[in-house]
Amino acid sequence: NVNKGSMNGAGNLMDFLDEPFPDVSTYEDFHTIDWLREKSRDTDRHRKITSKSKESLWELIKSLLDAWSGWVVMLLIGLLSGTLAGVIDLAVDWMTDLKEGVCLSAFWYSHEQCCWTSNETTFDDRDKCPQWQKWAELMTGHAEVELPAFTGSGAYVLNYFLYILWALLFSFLAVSLVRVFAPYACGSGIPEIKTILSGFIIRGYLGKWTLLIKTVTLVLAVSSGLSLGKEGPLVHVACCCGNLFCSLFSKYSKNEGKRREVLSAAAAAGVSVAFGAPIGGVLFSLEEVSYYFPLKTLWRSFFAALVAAFTLRSINPFGNSRLVLFYVEYHTPWYMAELVPFILLGVFGGLWGTLFIRANIAWCRRRKTTQLGKYPVLEVIAVTGITALLAYPNPYTRRSTSELISELFNDCGALESSQLCDYVNNPNMSRPVDDIPDRPAGPGVYNALWQLTLALIFKIVITIFTFGMKIPSGLFIPSMAVGAIAGRIVGIAVEQMAYHHHDWIIFKNWCRPGADCVTPGLYAMVGAAACLGGVTRMTVSLVVIMFELTGGLEYIVPLMAAAVTSKWVADAFGKEGIYESHILLNGYPYLDVRDEFTHRTLATDVMRPRRNDPPLAVLTQDSTTVEDVETLIKDTDYNGFPVVVSRESERLIGFVQRRDLTLAIKNARQKQDGVVSSSVVYFTEDAPQLPASNPQPLKLRRILNLSPFTVTDHTPMETVVDIFRKLGLRQCLVTRSGRLLGIITKKDVLRHMAQMMNQDPESIMFN
């Protein structure tokens, strides 16, 4: 009777096993998902839907809706991320210019919009128009240039003071909103996105509040003039959009593995709208952030990036009817001899990347381990004040970084009024305006070179202290700015050498007198790619992003040469890019696919329990009581427990998850009569033979994983590491002849790898 009752009770229990409890989640916060389990659950769900679809028309329609839900989610992600990116671009342009002045005809216009809508703007003086006034001009009624020297300097000081004041206000608002409402909205977000996509759970990181606050504070942070970009945080914003729409479909909300497929596609959409580079976005997701990237995710990433790019193009935030951020049009091809300076720029990019990563990580570690980390608001205010104070006197650092890069990329046409295009013209020149020959540099160019050199030093130093503060901060644009400045300086130097020494052997074959040989803007573009590659270690996606970003399709080879060189040089000093370095700094459990494990250790060297450790916490198949299980759950924090035949034999039966145990016992206590603390829990097919006086036993075989992943104690750790990487395991059991010896978790693997590389194993803090 006991056995019969227990079987009926078990049947009732199974009906309730899938009902969620408010206090029991699928995975605990800061824990790793089990990829194999999630894949198995999705396969079972799909099999169930397919079999049901043959029963009725309604079930067939439901199965079709389920199949199309992925494409619907991609469409929604593309629309929302594209819209948010467009709004952010427009708001940043307006608020950046607000630090210097205001448009009288319409205060919501940026400087460029204000002057282009004016009928009094001339082509030679496009940036000056009656409708746009600087703050000192608005307050005193006179422009700086119209006033006497002393009063004019007073107007300059007033504009200087207000510039700093606006910058401090924007940054204070940004850091305050992040600190009060959404602490996860700070930083780039890409290190955490990479970790989440590898299977880690960080609850709230992709939540609604994070999305809202990150969008608002990103505008404020970029507008403050700090040396940061909006491109990295836009990937975080797009992933927040993806997570938001996942909650609308149970297919994704109840399966962490499927959710990560959507987030991979959302990352592609984020880069697509950040740079106007949909193909580059897909490749960035594949090369840089994604951990599991099946073929269907590639197609869906492509679709999401397409929709996002189309939405951004419809908004047209750059006002140039183009999707790309820095459109360039060069009129001169590159020559083979120029590969030498391009490769030298690649070397510079690799060295800059190494310098930046080491200095920034050292500063961030200091922030974490000293009193500095307790005052994030003060740090942001201090860095903003120093940045604004030093940036305003130099016209190349005063303007937004995007505008700076755009000017550095530009070729000098006949109508350009920039200092960088102040060349000495030949009065006898009668060439078309698109084919201007190389000319000697004028005083404006030499003045610009000094200012650019100072800007380069300033950007290199200040970016180290800016990245990692408690505000949204991207690294793409500051890195590109460093490279673009260095590249433009090198480009001008090569151009002047070619002009003054065209009879040298390196110039003789391709640079004749009066010819347009060298394009300094191309050197800026190559330098930008080199520095971005040195910091992030991107290669393929970087080159594609750069030619999509600029429209310079025929300059792929120089970009490839610089990107590969920068990666080689940077890798010579350390394999980790900036994002991997921040993952290590934060102690996230990230198993990088690119890391090689070459040490000759065995599974028995890594497994727990070690010598002198307490024995492994296990459950027996038919002799553990409910009270024993609840005590074990209360006293330990393990994700699951091996199930053995008995403590004497220790023959392995299977593995049971902590969450499933907790949920099953709660359900049984509430909804099944006769289950008490002294009830025996059994995982076998048949109930154990118990005295009639014993309470009703509890059958939990259905929650038992009968095929846990196991290795023998003599399995090389190289193989174990590979298994954890490729299968996404949470844990692996170690056996010998079927007898359980121990367990290896992902945390154990990471700590062992850190130990083998002479790093602190205790830096790996999470499971």
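Up top is the structure.
Cut-off values and rules
Numbering of residues starts from 1 in every chain and runs along the sequence as written. Owing to the predicted nature of the model, reporting of local features is limited to residues with pLDDT of at least 70; listing and counting of side-chain atom pairs is limited to 80 or more, with chain, interface and lining totals taken over all residues. With hydrogens and water set aside, each side-chain value is computed from the structure's full complement of heavy atoms. Cysteine sulfur atoms are paired as a disulfide whenever they fall within 2.5 Å. A helix here means a DSSP run of H or I that spans at least four residues, while a strand means a run of E at least two residues long, and both kinds are numbered starting from the N terminus. Burial here depends on accessible area, computed with a 1.4 Å probe over protein chains only, as a share of the maximum for the residue type. Under 20% is buried, over 50% is exposed, and the range in between is partly exposed. The rule for pairing is simple: two strands pair if DSSP sees at least two bridges between them. Any carboxyl oxygen of Asp or Glu that lies within 4 Å of a side-chain nitrogen of Lys or Arg is treated as forming a salt bridge with it. Lines fitted to the C-alpha atoms define the axes, with helices restricted to the stretch that makes contact. Angles between their N-to-C directions range from 0 to 180 degrees. To define a nonpolar core, start from buried Ala, Val, Leu, Ile, Met, Phe, Trp, Tyr and Cys residues and group those joined through side-chain atoms within 4.5 Å. Contacts are assigned to residue pairs with any non-hydrogen atoms lying within 4.5 Å of each other. Pairing of aromatic rings covers Phe, Tyr and Trp, the last counted by its six-membered ring, and requires centre-to-centre distances within 6.5 Å; plane angles under 30 degrees mean stacked, over 60 mean edge-to-face, and any other angle means tilted. Any Lys NZ or Arg CZ that is within 6 Å of a ring centre and within 35 degrees of that ring's normal is treated as a charge sitting over the ring. Patch definition: residues above 30% relative accessible area lacking any salt bridge, with like charges linked at up to 9 Å and the nonpolar side chains Val, Leu, Ile, Met, Phe, Trp and Tyr linked at up to 5 Å. Each accessible area is a Shrake-Rupley result for a 1.4 Å probe, and residues are judged covered by the shown protein chains and nothing else. The labels follow the angle: roughly parallel below 35 degrees, roughly antiparallel above 145, roughly perpendicular from 65 to 115, and oblique for the rest. Here a crossing is called left-handed whenever its near helix is offset anticlockwise from the far helix by less than a right angle, and right-handed whenever the offset is clockwise. Three residue categories are used. Nonpolar comprises Ala, Val, Leu, Ile, Met, Phe, Trp, Tyr, Cys and Pro, charged comprises Asp, Glu, Lys and Arg, and polar comprises the others, including Gly.

Chemist: How would you explain the state of the cysteines if you had to name every residue and give the values?
Modeler: As used in these notes, a disulfide is a covalent bond between sulfur atoms, one from each of two cysteines. Under the criterion given, the structure shown has 1 disulfide. The residue that forms a disulfide with C103 is C114, at a sulfur-sulfur distance of 2.1 Å. Between C103 and C114, the disulfide has an S-S torsion of 75° and is therefore right-handed. Highlighted residues: C103 in strand 1 (residues 101–103) and C114 in helix 4 (residues 111–116), separated in sequence by 11 residues. A relative accessible area of 0% places C114 in the buried class.

Chemist: Describe the sheet that holds strand 7 (residues 680–682), listing the residues and the values that go with them.
Modeler: Spatial strand order, 4-7-8: 3 strands in an open sheet with mixed pairing. Each of the sheet's edge strands pairs with one partner strand only, and the pair in question is strand 4 (624–625) and strand 8 (698–699). Where strand 7 meets strand 8, 2 bridges bridge the pair, whose relative direction is parallel. Counterpart to Y682 in the pairing with strand 8 is K699.

Chemist: Give a description of the pattern of salt bridges that names residues and reports values.
Modeler: Applying the stated criterion to the full structure yields 24 salt bridges. A salt bridge links K194 to E288, with the shortest nitrogen-to-oxygen separation between them at 3.8 Å. Of the two residues, K194 sits in helix 7 (residues 190–197) while E288 sits in helix 12 (residues 278–289), which places them 94 residues apart along the sequence. You'll find K194 and E288 in the same group, each marked buried. The shortest N-O distance in the salt bridge between E650 and R739 comes to 3.6 Å. With a gap of 89 residues between them, E650 in the loop between strand 5 (640–644) and strand 6 (652–657) and R739 in strand 12 (residues 739–745) connect regions that are remote in the sequence. Of the residues examined, E650 reaches a relative accessible area of 26% and is grouped as partly exposed. The class of R739 is partly exposed, set by a relative accessible area of 37%. The structure contains a network of salt bridges with shared partners spanning R37, R659 and D660.

Chemist: I'd like a rundown of the pairing of strand 6, residues and numbers included.
Modeler: Sheet topology note: the strand 5/strand 6 ladder contains 5 bridges and is antiparallel. Across the sheet, residue V644 finds its bridge partner in strand 6, namely L652. Pairing of strand 6 with strand 9 (residues 704–705) involves 2 bridges; the strand directions are antiparallel. Pairing of V656 across the sheet is with L704, part of strand 9.

Chemist: Describe the sheet that holds strand 10 (residues 710–712), listing the residues and the values that go with them.
Modeler: The strand order across the open sheet built from 3 strands is 10-11-12, with neighbouring strands paired in mixed fashion. Pairing within the sheet leaves two strands with one partner each, and these edge strands are strand 10 and strand 12. This sheet shows a mean twist of 35° between the axes of neighbouring strands, independent of strand direction. Direction of pairing for strand 11 (residues 731–736) relative to strand 12: antiparallel, over a ladder of 6 bridges.

Chemist: I'd love a proper account of the nonpolar core, names of residues and values included.
Modeler: With 154 residues, the main nonpolar core has F409, M480, M546 and I744 as its most contacted residues. Aside from chain neighbours lying at most four places away, what touches I744 is A603, V606, M607, M717, V720, F724, R730, Q731, C732, V734 and V749. Among the nonpolar cores identified, the runner-up in size contains 20 residues, and L632, I633, L661 and V675 belong to it.

Chemist: Can you break down the packing of aromatic side chains residue by residue, with the values?
Modeler: According to the stated counting rule, one finds 23 aromatic pairs in the structure shown. Arranged with centres 5.3 Å apart and planes meeting at 80°, the rings of F107 and W108 form a pair that is edge-to-face. Judged by its relative accessible area of 52%, W108 is exposed. What links up through ring pairs into an aromatic cluster is the set W94, F107, W108 and Y109. The cationic tip of K746 hangs over the ring face of Y291; the distance from NZ or CZ to the ring centre is 5.9 Å.

Chemist: Describe a nonpolar patch on the surface, naming the residues involved and giving the relevant values.
Modeler: A cluster of nonpolar side chains, contributed by L57, W58, L60, I61, L64, L65, W68 and V72, occupies part of the molecular surface with about 850 Å² of accessible area. Its place among the elements puts L64 in helix 3 (residues 57–98). On the basis of relative accessible area, L64 is assigned to the partly exposed category, the value being 48%.

Chemist: Before we move on, could you go through unusual backbone geometry and cite the residues and values that matter?
Modeler: A cis geometry characterises the amide bond from R608 onward to P609, with omega recorded as 5°. The topology assignment puts P609 in the loop between helix 25 (603–606) and strand 3 (619–620). Not every positive phi belongs to a glycine, and R537 is a case in point at roughly 70°. Assessed through its relative accessible area of 5%, R537 is described here as buried.

Chemist: Now, about the pairing of strand 12: what can you tell me, with residues and values included?
Modeler: Among the 7 residues that make up strand 12, 5 are buried, leaving the element largely enclosed by the rest of the structure. Where strand 11 folds back onto strand 12 in an antiparallel hairpin, the turn is made up of 2 residues, including S737, whose phi is positive at roughly 55°.

Chemist: How would you sum up the packing of helix 9 (residues 231–246) against helix 11 (residues 256–275)? Please name residues and give values.
Modeler: Following both chains from N to C, one finds helix 9 and helix 11 inclined at 140°, their axes separated by 7 Å at the closest point. In terms of orientation, helix 9 lies oblique with respect to helix 11. Helix-helix and strand crossings are classified by hand; for helix 9 and helix 11 the assignment is right-handed. Of the residues in helix 11, those in contact with E231, L234, V235, A238, C239, G242, N243 and C246 of helix 9 are R259, V262, L263, A266, A267, G270, V271, A274 and F275. Tallied by class, residues from the contact of helix 9 with helix 11 come to 12 nonpolar, 3 polar and 2 charged.

Chemist: Tell me what's going on with helix 17 (residues 401–409), and back it up with residues and numbers.
Modeler: Of the positions making up helix 17, those classed as buried are T401, L404, I405, E407, L408 and F409. Looking at the buried residues of helix 17, the elements they touch are helix 16 (395–398), helix 18 (443–466), helix 19 (476–500), helix 21 (520–536) and helix 22 (540–550).

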